[in-house]
Structures are given as C-alpha cells and as structure tokens.
Amino acid sequence: MHSKEQISHDEYQKTSDWLMSHTKHRPIVAIICGSGLGMLADTLKCQDSFDYSDIPGFPQSTVQGHAGRLVFGELKGKSCVCMQGRFHMYEGHSLLKTTFPIRVFKLMGVETLIVTNAAGSLADGLRPGDIMIIKDHINFPGLVGLNPLCGPNDEKFGPRFPAMSGCYDKGLRSLVMELAKQMGVSSLVQEGVYAMVGGPNFETIAEAKLLHRLGVDAVGMSTAPEVVVATHCGLRVFGLSLITNKVRQQSQILIVNNHNSYFSALFHKSVTNKECSNLRNG
Ligand SMILES: O=P(O)(O)O[C@@H]1C[C@H](O)[C@@H](CO)O1
C-alpha cells in the first residue's frame with residue numbers, strides 16, 4: 001500500500017527558486033481554486049502566470065475545469081498565488097505529488113493557505129449554491145494510511161506526529177462569518193465538516209447514509225491531503241466548500257452526468273439566477 005516515492009527538500013526548493021526567479025511577486029497567501037472556481041485567479045492584478053507544464057517538478061492537471069496554471073498577482077492589494085486547478089488522488093497522482101505545491105508555497109514564504117472545493121451536501125440546511133466554511137474534516141483515505149505524510153519525515157518541514165485538531169484557523173473562520181453578515185449573505189454561509197473520499201465515482205446510497213450518520217456535512221474528493229501537509233509545515237489554513245449538489249440518500253435517478261456543465265452552471269452564473277434555482281431544486 002505504501003509508495004516508496006520520496007521528494008527531497010532540494011526538489012521542493014528548486015521549484016520554489018525557479019518560481020521566485022520568474023516573478024517579482026512575493027505572495028503571503030496561496031489559494032487553491034476548486035472545480036469551477038478558477039476564474040478567481042483571473043481577477044488578480046499585475047499577473048504573472050505559468051502553465052504547470054512549464055514549472056520544473058510540477059505535476060499536470062488532467063481534470064476538466066482545472067486550467068493547470070499558477071497565477072501570481074495582487075488581490076485587494078495583497079500579494080497572492082492562485083492554483084487554477086489542483087491535483088486529485090483519483091487522477092492517479094501520488095499523495096506526495098498531489099500536495100507538492102503546498103511545500104513549494106511554504107518555501108516561497110507563503111503564510112496562509114486558502115483551499116476551496118466543490119462538494120456534495122449531506123446536511124439539510126446546505127443547498128446547492130450555498131457556501132460551507134470548513135470547520136473540520138474527515139480524511140477517509142488518511143484514516144487507512146493513504147496520507148502524504150507517510151514515509152520518512154522531513155523535520156525541516158514539520159514534526160513526525162503533527163496535531164490536526166485545530167487545522168482550520170478559528171480566527172479566519174470567525175472573520176469570514178462576520179464578513180458574510182456585513183455583506184448580507186449570511187443565509188448562504190455556514191460552518192460544517194468536510195469529508196474526503198477517494199473517488200472518482202460518486203457515493204452509493206449506502207455510502208451517503210453512512211456519511212450522514214457520521215456527521216459529515218459535505219463530501220468531496222480533494223482538500224484533506226493539502227490541509228494535512230499545510231498544517232504539518234505550519235501554514236494557517238482557511239477552507240471553503242461550494243455546494244454543487246445534494247447527495248442522494250434514497251434511491252432516485254442521479255442527474256449528475258456532466259461534471260463540467262454542472263459546475264459551470266453553478267459557478268459562472270449568479271446563485272440567484274434561474275439556472276441555479278433549478279439546480280437548487282433539482
Ligand atoms: O477540486 P475539487 O474538489 O473542487 O473537484 C471536484 C469536486 C470533487 O472532488 C470532484 C468530483 O466532483 O471534482
């Protein structure tokens with residue numbers, strides 16, 4: 001089960017050095033854009049962008065809706081780096097490759113990681129179009145030993161047995177909740193528990209019922225390994241799930257059959273428009 005793959009500190013450092021020598025930006029915040037959310041990177045000012053295929057050591061993104069580009073720039077005056085497209089275990093990447101950018105960001109001087117994802121809801125109050133602030137996660141692959149921290153530990157990054165009990169920063173969670181109130185969108189935003197499953201298939205009815213009984217509010221196929229590696233190396237983490245669908249817990253024909261149009265419909269249009277109200281009701 002355990003891979004013999006190792007990535008040395010030097011390899012992360014080489015990628016970090018290459019990036020730092022190709023941009024003038026010195027980001028303190030890194031944002032991983034989940035499915036359908038890559039357009040956030042397009043809003044950065046004074047951009048420098050790099051295709052993953054041009055960055056030494058970087059894995060390649062294979063999922064529709066993940067552009068495969070690293071974008072540096074300014075967001076509200078803060079220097080940021082955005083991943084337009086992440087790496088998933090189900091694409092066949094090892095967990096070390098999946099989380100490769102996180103340690104590169106650490107070496108670049110990043111202090112805060114913002115993770116976003118698309119997720120299915122198991123909670124009554126979370127509807128498609130809503131936003132869940134991740135307060136905690138259940139890392140199902142991690143619980144059975146599929147963890148990016150398996151293998152020799154590099155103390156330069158962090159300890160052998162890192163705590164994960166406070167991995168989603170409480171201060172940032174409160175701040176975002178407060179901002180949602182100020183913006184008048186607090187009815188769309190709530191905190192919850194995200195569970196990572198391996199994918200790529202969606203859940204069976206029995207699996208959905210199990211997740212619900214375990215107290216999972218939203219389920220997806222990413223994020224947890226990135227957060228584990230980020231917490232291990234001391235990054236402050238904030239996470240958001242954008243709810244794309246209700247996970248069926250009773251037999252019913254599953255309407256999800258086109259990953260791309262599904263996410264585009266939800267994110268590229270306003271959550272209040274007709275198409276999204278159809279998704280909310282669907
Ligand atoms: O990168 P994310 O997690 O947003 O990717 C989406 C959500 C699931 O992980 C997967 C299947 O829908 O794609």
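Treat the numbers as computed from the prediction; the structure is a model and nothing was measured. Each chain has its residues counted from 1, running along the sequence as written. With the structure being a predicted model, the display of local features is reserved for residues of pLDDT at least 70 and the display and counting of side-chain atom pairs for 80 or more, all residues being used for whole-chain, interface and lining totals. The basis for every side-chain value is the complete set of heavy atoms in the structure, and neither hydrogens nor water enter the calculation.

Enquirer: Before we go on, may I ask you to explain the packing of aromatic side chains in this structure?
Expert: Here the distance between the centres and the angle between the planes together describe a pair of aromatic rings. Under the pairing criterion, centres of Phe, Tyr and Trp rings, with the six-membered ring standing for Trp, must be within 6.5 Å; the plane angle then separates stacked pairs below 30 degrees from edge-to-face pairs above 60, leaving the rest tilted. If you walk through the whole model with that rule in mind, you get eight aromatic pairs. On the basis of an interplanar angle of 80° and a centroid distance of 5.3 Å, the ring pair of Tyr12 and Phe157 is categorised as edge-to-face. You can see Tyr12 sitting in helix α1 (residues 9–22) and its partner Phe157 sitting in the loop between α5 (140–143) and α6 (170–182), a full 145 residues away along the chain. Here Phe58 and Phe87 contribute two aromatic rings whose centre-to-centre distance is 6.1 Å and whose plane-to-plane angle is 70°, an arrangement assigned as edge-to-face. Note that Phe58 is positioned in the loop between β2 (45–51) and β3 (69–75) and Phe87 in the loop between β4 (78–84) and α3 (95–98), a separation of 29 residues in sequence. Among the aromatic residues, ring-to-ring pairing joins Tyr12, Tyr52, Phe58, Phe87, Phe100 and Phe157 into one connected group. Criterion for a charge above a ring: Arg CZ or Lys NZ at most 6 Å from the ring centre, at most 35 degrees from the ring normal. Lys97 extends its terminal NZ or CZ atom over the ring of Phe100, reaching a point 5.8 Å from the ring centre. Starting at the N terminus, helices and strands are each numbered in turn, a helix being any DSSP run of H or I of at least four residues and a strand any DSSP run of E of at least two.

Enquirer: Looking at this structure, I do not really get the pairing of strand β7 (residues 189–196). What am I missing?
Expert: On any regular strand, side chains alternate: one points to one face of the sheet, the next to the other face. Any residue under 20% of the maximum accessible area for its type is buried, any over 50% is exposed, and the rest in between are partly exposed; the area is computed with a 1.4 Å probe on protein chains only. The buried fraction of β7 amounts to six of the eight residues, a majority that puts the element mostly inside the structure. By the bridge criterion, eight bridges tie strand β6 (residues 131–139) to β7 in an arrangement that is parallel. Counterpart to Ile134 in the pairing with β7 is Gly192. The sheet contact formed by β7 and strand β8 (residues 218–220) spans three bridges and is parallel. Each residue of the ladder has a partner; that of Met196, found in β8, is Gly220. With the strands pointing away from the viewer, any crossover whose connection runs clockwise from the first strand over the helix to the second is right-handed. Running through helix α7 (residues 205–213), the crossover from β7 to the neighbouring parallel element β8 is right-handed. Pairing between strands requires that DSSP locate at least two bridges from one strand to the other.

Enquirer: Before we go on, may I ask you to explain unusual backbone geometry in this structure?
Expert: With the exception of glycine, most residues fall at negative phi, and the peptide bonds are largely trans. Between Gly199 and Pro200 the backbone carries a cis peptide bond, its omega angle lying at 5°. In this fold, Pro200 is placed in the loop between β7 and α7. Even without being glycine, Cys46 reaches a positive phi, approximately 50°. If you trace the backbone, Cys46 turns up in strand β2. Positive phi outside glycine occurs at Lys76, with the angle close to 50°. The class for Lys76 is exposed, based on a relative accessible area of 85%.

Enquirer: Explanation requested: the UniProt feature "binding site: phosphate" (unreviewed entry) in the protein in the structure shown.
Expert: UniProt positions are given in the numbering used here, feature names are shortened, and annotations may be inferred rather than shown by experiment. Under the UniProt annotation, the feature "binding site: phosphate" (unreviewed entry) is placed at Ser35, His66, Arg86, Phe87, His88, Ala118 and Ser222. By relative accessible area, which is 1% here, Arg86 ends up buried. A distance of 2.9 Å separates a polar side-chain atom of Arg86 from the backbone oxygen of Thr116. Pairs of N or O atoms within 3.5 Å make up the polar contacts considered here, provided that, within protein, one atom can donate a hydrogen while the other can accept it, and that residues adjacent in sequence are counted only when both atoms are side-chain atoms.

Enquirer: Would you mind going over the state of the cysteines with me for this structure?
Expert: Here is the idea: a disulfide is a covalent bond, and it sits between the sulfur atoms of two cysteines. A pair of sulfur atoms, both from cysteines and within 2.5 Å, is called a disulfide here. Considering all chains together, one arrives at zero disulfides under this definition. In this structure Cys167 is a free cysteine whose sulfur lies 13 Å from that of Cys233, the closest cysteine sulfur available. We classify Cys167 as buried; its relative accessible area is 6%.

Enquirer: Hey, could you run me through the environment of Arg26 in this one?
Expert: Looking at where Arg26 falls in the secondary structure, it is placed in the loop between α1 and β1 (29–33). Considered as a pair, Arg26 and Asp136 are 110 residues apart in the sequence and their alpha carbons are 29 Å apart. Contact definition: two residues touch when any of their heavy atoms are within 4.5 Å. With residues near it in sequence (within four places) discarded, Arg26 still touches Met20 and Ser79. Among the polar contacts made by the side chain of Arg26, one reaches the main-chain carbonyl oxygen of Met20 at a distance of 3.0 Å.

Enquirer: Looking at this model, I keep getting lost on the packing of α1 against helix α4 (residues 100–108). Mind explaining?
Expert: Packed helices, taken two at a time, are described by the angle their axes make and the gap between the axes. In the contact formed by α1 and α4, the axes pass within 9 Å of each other and the chain directions differ by 65°. Two packed elements cross with a definite hand, and for α1 against α4 that hand is right-handed. Together, His9, Glu11, Tyr12, Gln13, Thr15, Ser16, Leu19 and Met20 of α1 and Phe100, Arg103, Val104, Leu107 and Met108 of α4 make up the contact between the two elements. Across the contact of α1 with α4, the residue classes tally to seven nonpolar, four polar and two charged. Note on geometry: axes are lines fitted to C-alpha atoms, helical ones only across the stretch in contact, with angles between N-to-C directions running from 0 to 180 degrees. Put simply, a crossing is left-handed when the front helix is turned counterclockwise from the back one by less than a right angle, and right-handed when it is turned clockwise. The residue classification treats Ala, Val, Leu, Ile, Met, Phe, Trp, Tyr, Cys and Pro as nonpolar and Asp, Glu, Lys and Arg as charged. All others, Gly included, are polar.

Enquirer: Looking at this structure, how should I read the nonpolar core?
Expert: Side chains of nonpolar character tend, in soluble globular proteins, to be buried together. Definition of nonpolar core: a set of buried residues of the types Ala, Val, Leu, Ile, Met, Phe, Trp, Tyr and Cys, connected through side-chain atoms within 4.5 Å. Core analysis: the biggest nonpolar cluster contains 45 residues, and Leu19, Leu70, Phe72, Val81, Phe105, Met108 and Leu113 have the highest contact counts within it. When sequence neighbours within four positions are dropped, the list of residues in contact with Leu19 reads Phe50, Ile55, Leu70, Phe72, Val104 and Met108. Listed in part, the 10 residues of the second largest apolar core include Val29, Val71, Cys82 and Leu242.

Enquirer: Would you mind showing me how to read a nonpolar patch on the surface here?
Expert: Only residues above 30% relative accessible area that lack a salt bridge enter a patch, with like-charged residues linked at up to 9 Å and the nonpolar side chains Val, Leu, Ile, Met, Phe, Trp and Tyr linked at up to 5 Å. We get accessible surface area from the Shrake-Rupley algorithm with a probe of 1.4 Å; when it comes to residues, only the shown protein chains can shield them. Whenever Lys or Arg places a side-chain nitrogen within 4 Å of a carboxyl oxygen from Asp or Glu, that contact is recorded as a salt bridge. Taken together, the side chains of Leu175, Leu179 and Met183 define a hydrophobic patch exposed on the protein surface, amounting to about 320 Å² of accessible area. Topologically, Met183 is positioned in the loop between α6 and β7. Among the residues examined, Met183 registers a relative accessible area of 63% and is labelled exposed.

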